[in-house]
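So you can see what is in the structure, the chains are spelled out below.
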Amino acid sequence: MIKLILSICLCVGLYSISFAQNLFQIKGNILDATTSQPVEGASVVSGNLFSTSSSKGSFVINNVSEGSHTLTINHISYAPKTIAIHVRANMEVITVLLSETSNTLEEVAIQGKSATRKNKESSIVTHIVTEEFLENNRENSLMQTLSKIPGVSTINIGSGQSKPVIRGLGFNRVAVVQNGIKHEAQQWGNDHGLEIDQYGIENIQIIKGPASLLYGSDAIAGVVDIQPSKIPQKNSFDGEVNLLAETNNDLLGISTGIESRKEKLFYRGRITYRDYADYKVPTDKINYENYIFDLYDNNLRNTAGREFNASFSIGYVTDNFKSETFFSNVNAKNGFFANAHGLEVRTSSIDYDSSNRDIDLPYHKVNHFKVINNTRINLNDHTIDIDLGFQNNHREEHSEPVPHGYMPTPPNSEERVFLKNTYDLNIRDAFTLNEKHDIVAGINLEFQDNDIDGWGFLIPAYDRFTVGAFAYDQFELNKDLHLLAGIRYDFGVMNTKSYVDWYPSTVNNENGTTSNIYVQRAQQKSLDFGNFSASTGISYINNNTTYKLNIGKSFRMPLANELASDGVNYHMYRFERGNLDLDPETSYQLDVDIEHTQNAFSVGISPFLNLFDNYIYLNPTSNYYETLQIYEYTQSSVFRYGGEAKASTTIIKNLQLDASVAYVFSRQTSGAKKDFTLPFSPPLSGLVSASYQLNDIGFLKTPQLIMDFKIAAAQNEIVPPEEITPGYQLFNMSFISKMDVFNNSKPFEVRLKLNNLFNVKYYDHTSFYRLIDVPEAGRNVSMSLNIPF
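Asker: Would you mind showing me how to read the overall build of the protein here?
Answerer: If you tally the helices and strands in the protein, you get six helices and 44 strands. A compact globule built from 789 residues would reach a C-alpha radius of gyration of about 28 Å, and the protein, at 27 Å, matches this within 12%. Counting only C-alpha atoms and orienting by the principal axes, one finds that the protein spans roughly 100 × 65 × 45 Å. Residue pairs at least 24 apart in sequence account for 65% of intrachain contacts in the protein once pairs closer than 6 positions are excluded. Taking the 66 positively charged and 88 negatively charged side chains of the protein as two groups, their mean positions are separated by 4 Å.

Here is the structure:
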């Protein structure tokens, strides 16, 4: 497929060049007139030709005829600007300076400040992820794509599934928000991925550190906030087709999106399909529980999968009103590495090596459906946001029906079924008391209804209701010095439902006799939790340097699995037991962020200190259930510190270097694992990237070559039963270019990427499969082609 696409593009491009001898190219940079910082997302229009500025402020317009032309530059945060230029051969790169505007546009209330300026004035440590970053760094899942950001890593489950980790904490300690509503699935599971289509996303805000003030429980470690896409321009229609192919797991994928707007009515839609085979690892043997598994052709058997995602939204916008309703459905079927789910696979009759694309037992199926409405109303000095959401998550886990202990052979392969319905309502009012005070107050409500089915019990059915109210004030001491302070109170109720085994077990009585009973695994219980959260911080802007200091307290309600699990997790080959006496987690954190930026150089550092009063974790005990070790949920105090540092510079005109480093230290200061670290703690790691902008090569416009070098230290700080993970070094390469094959204003975009250049065998300490001696994926070549229309 890759050869075919390249051949077609080459032939068409060579044909096009012969007719383009009198056409030229405009290159430019768009900068903030006050700070000289790049302006991203500005539209540049010349007649029927169009371009958008990148994260570096650069833009390119191809196929421009010689002579005088007019450029019109627009950006939602700046005043429009029109300039006249003369196009000719060997033109110099032009520079356009934009001034901030105080106008309130119909789509977004700017209130006289750009988004970049607002981010600097806030004391909360955030990282903005752009659409360009997502396109240039796209991996097999959204969280793997984001793992290039310092302080962000992933817990990987195979090649197509992963969940976020921020500064060493993951699962339900990191809230994932999409279009204003928290994504609610089965995040508690070790082998449960994230059901979000990574295509069509334009902007993500990552908050590092406690964020319960704004997002409530589950944001105790940070937030991945996938924000709504910008509203299409008036009287427009745009679309794109994304094609993807990879060699390691023979992946083929396509994603098609459209968006359109008349005057006030607009809509968008997207369909994505991906099909991939077992992925390859640079080893031919796996050692699990002292049993050696041979891998045929280096394939990690039964890790193939299929995904089909669809989304549609419709909206209406006026000067003071905007409302958009989103519908989305994510459907996936993924195999689990057969040898990761117990040793029974040794006697299985399934021929896992007959095909690398079939999905045999064990596997999971998941369908996640969402309906979300975002409404914004501008009333004089008040901006009211109302978010409504409904989510249905249906997850099935299938395994071979084999007897375990007193459990007879099950009637089918449906081991566990989880069905969750979630209803959300968020209301927020942002208003100004005067020119000095920007106040935001709001309320969040959520109700979950969780049912279970299947022959393998792990957690009970339950209902959960939470309500939270918050308010914060950003006070302008002067134009460069801002203070933020806020408080929040949350209250939640958890109702667990009774569960009794479907088969009898033999138990020993006190008088020496035995009885056959149906064991009760879960009680009908009602628990409530309440807690205050708070945050205060200060931000100071000194010319090109921004200083931030923030202190926050967050909390997290215990989950159903932490409170009431009582069953065998055959996927992890252990017995897990909850604890109804658990208290909510509380976390205190100090964040510092210093960033200095100039035209050709930037540097930043973000250290943090963190203290948990009662961190919840699954502790291995010396007791056994039948032949399985019992793990029990307990709590301990934890002290953590670490941070990230980054630097970027332009060495010569076309060469840019970026470097970053991240480190986390954790220590339990009480409990059964006192003086140990926390599970899945990422090691010290660094990333160095070199990006070189090449000259145009025929129909290849603004080609760019990127080299990444990642180094991770050995992780010697472990908590049993973890094992030490050795360090590693990786080289990745990318080639990115626009292809002007049809001489129009919308060139194709092509990306070639080579991951793990030297096919290194290495282990990621935050990977789910690391626990069973499975290394990360081997060498992979991927090609993506974006065709706009």
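Asker: Help me out: how do you make sense of the packing of aromatic side chains in this one?
Answerer: A ring pair, where both rings are aromatic, is described by two values, the distance of the centres and the angle of the planes. Applying the stated rule across the entire model yields 17 aromatic pairs. Where Tyr540 meets Tyr547, the ring centres are 6.2 Å apart and the plane angle is 20°; that geometry is what we call stacked. Classification of Tyr547 as partly exposed rests on a relative accessible area of 35%. Through successive ring pairs, a cluster of aromatic residues spans Phe639, Tyr641, Tyr663 and Phe665. One residue, Arg138, lies across the ring of Tyr199, its end atom 4.3 Å from the ring centre. For Lys333, the ring lying beneath its charged end belongs to Tyr363, and the centroid distance is 4.5 Å.

Asker: When you look at the nonpolar core in this model, what are you seeing that I'm missing?
Answerer: Grouped burial of nonpolar side chains is what soluble globular proteins tend to show. With 24 residues, the main nonpolar core has Leu142, Leu146, Ile204, Ile206 and Val224 as its most contacted residues. In this view, Ile204 contacts His127, Ile128, Val129, Leu134, Leu142, Leu146, Val224, Asp225 and Ile226; residues no more than four positions away in its chain are not counted.

Asker: Is there a simple way to think about the environment of Met143 in this case?
Answerer: Among the structural elements, Met143 can be located in helix H4 (residues 142-146). Here Met143 falls in the buried class, since its relative accessible area comes to 2%. Sequence spacing of Met143 and Gln198 is 55 residues, and the spatial spacing of their C-alpha atoms is 8.9 Å. Apart from residues lying up to four places away in sequence, Met143 is in contact with Thr154, Ser162, Lys163, Pro164, Leu194 and Val224.

Asker: I'm lost on the sheet that holds strand S7 (residues 94-98) in this one. Help?
Answerer: The strands that make up a sheet are held in pairs by hydrogen bonds between backbone atoms, and each pair lies either parallel or antiparallel. One open sheet accounts for three strands, arranged S4-S1-S7; its pairing is mixed. What marks the edges here is a single partner per strand, and that holds for strand S4 (58-65) and S7. Put simply, the sheet's adjacent strands are angled 30° from each other on average, direction ignored. Here strand S1 (residues 23-32) runs beside S7; their pairing, made up of five bridges, is parallel. Each bridged residue has a counterpart across the sheet, and for Leu31 the counterpart in S7 is Leu97.

Asker: I would appreciate a short explanation of the pairing of strand S42 (residues 728-739) in the present structure.
Answerer: In summary, the side chains of a regular strand alternate between the two faces of the sheet. Both strand S41 (residues 700-712) and S42 contribute to a ladder of eleven bridges, which runs antiparallel. The residue bridging Lys701 from the neighbouring strand is Lys738, located in S42. Strand direction decides the pairing type here: S42 and strand S43 (residues 748-755), joined by seven bridges, are antiparallel. The residue bridging Ser737 from the neighbouring strand is Val750, located in S43.

Asker: Which parts of the structure should I look at to understand the side chain of Ser255?
Answerer: Along the polypeptide, Ser255 turns up in strand S16 (residues 252-261). Classification of Ser255 by relative accessible area gives buried; the value is 0%.

Asker: Help me out: how do you make sense of the pattern of salt bridges in this one?
Answerer: Side-chain pairs of opposite charge can arise where the charged atoms are in close proximity. All chains considered together, the criterion is met by 42 salt bridges. Notably, a salt bridge pairs Glu717 with Arg667, separated by 3.0 Å at the nearest N-O pair. Of this pair, Glu717 sits in the loop between S41 and S42 while Arg667 sits in strand S39 (residues 655-668), and the two are 50 residues apart along the sequence. Judged by relative accessible area, which is 18%, Arg667 ranks as buried.

Asker: Looking at this structure, how should I read the pairing of strand S32 (residues 525-542)?
Answerer: By the bridge criterion, 16 bridges tie strand S27 (residues 481-496) to S32 in an arrangement that is antiparallel. Bridge pairing links Ile487 to Ala534 in S32. The antiparallel pairing of S32 with strand S33 (residues 545-556) creates a hairpin that spans two residues between the two strands, and Asn543 there sits at a positive phi of about 60°.

Asker: Explanation requested: the sheet that holds strand S13 (residues 203-208) in the structure shown.
Answerer: Strand order in the open sheet formed by five strands is S8-S13-S14-S11-S12, with mixed pairing between adjacent strands. With partners counted over all chains shown, the strands left at the sheet margins are strand S8 (126-130) and strand S12 (181-182), one partner each. The pairing of S8 with S13 spans five bridges and is antiparallel. Residue pairing across strands places Thr126 opposite Ile207, the latter belonging to S13.

Asker: I tried to follow the environment of Phe768 on my own but got confused; where do I start?
Answerer: With respect to the secondary-structure elements, Phe768 resides in the loop between S43 and strand S44 (780-788). If we skip the residues at most four places from it in the chain, Phe768 touches Ile155, Asn156, Ile157, Asn190, Asp191, Met572 and Phe680.

Asker: Can you help me understand unusual backbone geometry in this one?
Answerer: Glycine aside, a negative phi is what most residues show, and trans is what most peptide bonds show. Backbone torsion omega between Leu361 and Pro362 reads 0°, so that peptide bond is classified as cis. As for its placement among the helices and strands, Pro362 is situated in the loop between strand S21 (321-335) and strand S22 (363-379). Phi is positive for Phe171, close to 55°, though the residue is something other than glycine. The topology assignment puts Phe171 in the loop between strand S10 (162-166) and strand S11 (174-178). In the Ramachandran plot, Asp297 falls in the positive-phi region, its phi being about 55° despite a non-glycine side chain.

Asker: Help me understand the confidence of the model for the protein in this model?
Answerer: Caution applies to low-pLDDT parts of the model: their predicted coordinates are not meant to be read in detail. Of the residues in the protein, 93% have a pLDDT of 70 or more, and the chain-wide mean is 88. Averaged pLDDT values over the elements of the protein bottom out at 43 in helix H1 (residues 2-17) and peak at 97 in strand S17 (residues 265-276). For residues 8-21, every residue scores under 50 in pLDDT, and the model assigns this stretch 16 contacts once sequence neighbours within four places are set aside. Counting interchain partners and residues more than four positions distant, the pLDDT-below-50 stretch residues 102-112 has 27 contacts.

Asker: Could you clarify how one ought to interpret a nonpolar patch on the surface in this entry?
Answerer: Judged by side-chain polarity, Tyr588, Leu609, Leu611, Phe639, Tyr641, Val661, Tyr663 and Leu684 come together as a nonpolar surface patch covering roughly 640 Å² of accessible area. Looking at the nonpolar patch, the elements that each hand over two or more residues are strand S37 (601-625), strand S38 (628-652) and S39. For Val661, the location among the structural elements is in strand S39. Of the residues examined, Val661 reaches a relative accessible area of 34% and is grouped as partly exposed.

Asker: Would you mind showing me how to read the side chain of Glu585 here?
Answerer: Its location among the elements puts Glu585 in strand S36 (residues 585-597). Polar contacts involving the side chain of Glu585 include one to the side chain of Arg173, which spans 2.6 Å. For Glu585, the residues in contact, after removing those within four places along its chain, are Arg173, Ile220, Ser554, Phe555, Arg556, Phe612, Asn614, Tyr615 and Ile616.

Asker: What is the right way to look at the environment of Ser691 in this model?
Answerer: Residue placement: Ser691 occurs in strand S40 (residues 685-693). For Ser691, a relative accessible area of 9% gives the class buried. As for Ser691 and Leu705, which are separated by 14 residues in sequence, their C-alpha atoms are 5.7 Å apart. What Ser691 contacts, discounting residues up to four positions off in sequence, is Lys56, Asn654, Leu655, Gln656, Gln704, Leu705 and Ile706. A polar atom in the side chain of Ser691 sits 2.3 Å from the side chain of Gln704.

So, how was this worked out
- Residues numbered from 1 in each chain as written.
- Predicted model: local features only at pLDDT ≥ 70, side-chain atom pairs only at ≥ 80, totals over all residues.
- Heavy atoms only, no water.
- Helix = DSSP H or I, 4+ residues; strand = E, 2+ residues; numbered from the N terminus.
- Rg over C-alpha atoms; globule rule 2.2 N^0.38 Å.
- Contact = heavy atoms within 4.5 Å.
- Lys, Arg positive; Asp, Glu negative; His and termini not counted.
- Charge placed at Lys NZ, Arg CZ, Asp CG, Glu CD.
- Phe/Tyr/Trp six-rings, centres within 6.5 Å; stacked < 30°, edge-to-face > 60°.
- Buried < 20%, exposed > 50% of the residue type's maximum accessible area, 1.4 Å probe, protein only.
- Lys NZ or Arg CZ within 6 Å of the ring centre and 35° of its normal.
- Core = buried A, V, L, I, M, F, W, Y, C linked by side-chain atoms within 4.5 Å.
- Pairing = 2+ DSSP bridges.
- Axes fitted to C-alpha atoms, helices over the stretch in contact; angles between N-to-C directions.
- Salt bridge = Lys/Arg side-chain N within 4 Å of Asp/Glu carboxyl O.
- pLDDT = per-residue confidence, 0-100.
- Patch = residues over 30% accessible without salt bridge, like charges linked within 9 Å, V, L, I, M, F, W, Y side chains within 5 Å.
- Areas by Shrake-Rupley, 256 points an atom, 1.4 Å probe, with all protein chains shown as cover.
- Polar contact = N/O pair within 3.5 Å; in protein donor to acceptor, adjacent residues only side chain to side chain.

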